[in-house]
Amino acid sequence: MPITLEGSCRCGAVRFALDSHTPHPYQRCYCSICRKTAGGGGYAINIMGTAASLEVTGRTAVYRAGLRADDGACETSSGRRHFCPACASALWMADPSWPDLVHPFASAIDTPLPVPPASTHLMLLYKPAWVVPQIAAGDAVFDEYPGESIEDWHRARGLWVD
Ligand SMILES: [Zn+2]
Ligand SMILES: [Zn+2]
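Okay, so let's go over this structure. (Residues numbered from 1 in each chain as written. Chains lettered and ligands numbered in written order. Predicted model: local features only at pLDDT ≥ 70, side-chain atom pairs only at ≥ 80, totals over all residues. Heavy atoms only, no water.)

1. Comments concerning the coordination of the zinc ion (ligand 1)
Bound to the zinc ion (ligand 1) on the protein side are Cys 9 (SG), Cys 11 (SG), Cys 84 (SG) and Cys 87 (SG), at distances that span 2.3 to 2.4 Å. By relative accessible area, which is 44% here, Cys 11 ends up partly exposed. (Donors = N, O, S within 2.8 Å, 3.2 Å for Na, K, Ca; no water. Buried < 20%, exposed > 50% of the residue type's maximum accessible area, 1.4 Å probe, protein only.)

This is the structure we're talking about:
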């Protein structure tokens, strides 16, 4: 059984839940979209769940980022970043190009998440100089996207939740 993740915004106007086979918050994205919308420390952590299981209480607003080649970008311009219009908490990203998946920000999840055995740092090409990634032994680093998907990462480590 997948784990059910419950999440909310800071003010409580939006609550959501979804099922996840891939709950480890291992992926730190330093792209400009993640950093500016959800990552005051320089990065945001995206996890992944199944779109069909997503239940939402309250109304979200959606931001669709324009992609700028000289400035870094996450995902694609078709990605829809849902946030709370009252308190601005970043909640999840959904992309019609991948209709079966939803990517909540770990920061919005209230269910205790498993501690990942290592982290993957991605889109490092786009971080500003003042962001000094905390790279631990065993971490993976990428200038842009890693080749390994979130599903592959979990399966390769025996961490996929059936
Ligand atoms: Zn809110
Ligand atoms: Zn990003």
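2. Focus: unusual backbone geometry
Phi is positive for Ala 88, close to 75 degrees, though the residue is something other than glycine. Positionally, Ala 88 belongs in the loop between strand 8 (80-83) and strand 9 (90-94). A relative accessible area of 51% means that Ala 88 is categorised as exposed. The phi torsion at Met 123 lies on the positive side, around 60 degrees, for a residue other than glycine. If you trace the backbone, Met 123 turns up in the loop between strand 11 (120-122) and strand 12 (140-141). (Helix = DSSP H or I, 4+ residues; strand = E, 2+ residues; numbered from the N terminus.)

3. Focus on the nonpolar core
The biggest cluster of nonpolar side chains holds 13 residues, and the ones touching the most others in it are Phe 16, Leu 91 and Trp 92. Those elements giving two or more residues to this core turn out to be strand 2 (15-20) and strand 9. With three residues, strand 9 is the single largest residue contributor to this core. Each residue touching Leu 91, except ones within four places of it in the same chain, is listed here: Ser 8, Cys 9, Val 14, Phe 16, Thr 60, His 82, Phe 83, Cys 84, Pro 104, Phe 105 and Ala 108. If you look at the next biggest cluster of nonpolar residues, it comprises eleven residues, including Cys 31, Ile 33, Cys 34 and Ala 90. (Core = buried A, V, L, I, M, F, W, Y, C linked by side-chain atoms within 4.5 Å. Contact = heavy atoms within 4.5 Å.)

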